[in-house]
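Chain residues, written in single-letter form:
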Amino acid sequence: MNTQLVRIAAARLFLLLGWPGCAGVAGMAIALALLAWVHQTHQAARPFSAATPSTLTAPAQAASAPLNPILPHATEAIAILRILESEAKANGLAWPQAEYRITPLSDEALSALEIRTTLKGPYPQLRQLITTLLDKQPAMALRELALSRPNGDAIEVEAKLHWTVFLADGWPPATQEDKP
């Protein structure tokens, strides 16, 4: 009885797909099995002891180690603003205004440098600036972007940007054991 159901299902599949479709399904099944085999042999060949004792750290150090080289400190806020301004001017954009504030570390978020800028210039240069800044500063995020231009023929756009640069200040947060 079971073989009869398999024959019926195979006949229906053949009617739906034909020889080329059945050959494609068989090829995909073989490719999937080959991929699983390659993945399994690659995992087996990977040495388990890749970490040396010098790379192993204590749990408290492991939590803060990745953030320290990447996240800047609040004392670098003016330098970050100067970098933003110089990159904007290097891309041919006008920098009429900027305002910033530092938000402290909370239970919900890291401390951050919030920057609101207005830039004016051609759209391709604005895109280039955003790409460059996000590539150069991994701790930076573009929170908001509003573009406007006076009419459809205008080449220049006015962009209002809201950047956030996450800071290392106060990280890692104090645990109950650390508090007096």
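Cut-offs and rules
- Residues numbered from 1 in each chain as written.
- Predicted model: local features only at pLDDT ≥ 70, side-chain atom pairs only at ≥ 80, totals over all residues.
- Heavy atoms only, no water.
- Patch = residues over 30% accessible without salt bridge, like charges linked within 9 Å, V, L, I, M, F, W, Y side chains within 5 Å.
- Areas by Shrake-Rupley, 256 points an atom, 1.4 Å probe, with all protein chains shown as cover.
- Salt bridge = Lys/Arg side-chain N within 4 Å of Asp/Glu carboxyl O.
- Helix = DSSP H or I, 4+ residues; strand = E, 2+ residues; numbered from the N terminus.
- Buried < 20%, exposed > 50% of the residue type's maximum accessible area, 1.4 Å probe, protein only.
- Contact = heavy atoms within 4.5 Å.
- Core = buried A, V, L, I, M, F, W, Y, C linked by side-chain atoms within 4.5 Å.

Chemist: So, a nonpolar patch on the surface: which residues are in play, and what are the values?
Modeler: A cluster of nonpolar side chains, namely Leu 13, Leu 16, Leu 17, Val 25 and Met 28, defines an oily patch on the protein surface of about 500 Å² accessible area. Here Leu 17 is to be found in helix H1 (residues 2–45).

Chemist: Tell me about the side chain of Asn 91, and please be specific about residues and values.
Modeler: Note on placement: Asn 91 falls in the loop between helix H4 (77–90) and strand S1 (94–103). For Asn 91, a relative accessible area of 17% translates into the label buried. Setting aside residues up to four positions removed in sequence, Asn 91 forms contacts with Gln 125, Gln 128 and Leu 129.

Chemist: Please give an account of the nonpolar core that cites residues and values.
Modeler: If you look at the biggest cluster of nonpolar residues, it comprises 24 residues, and the most contacted ones within it are Ile 115, Leu 119, Leu 126 and Val 165. Residue assignment for this core shows that the elements contributing at least two residues are H4, strand S2 (112–122), helix H5 (123–136) and strand S4 (156–166). Among all residues touching Ile 115, those that are not within four sequence positions of it are Ile 80, Leu 81, Leu 84, Glu 99, Tyr 100, Leu 161, His 162, Trp 163 and Val 165.

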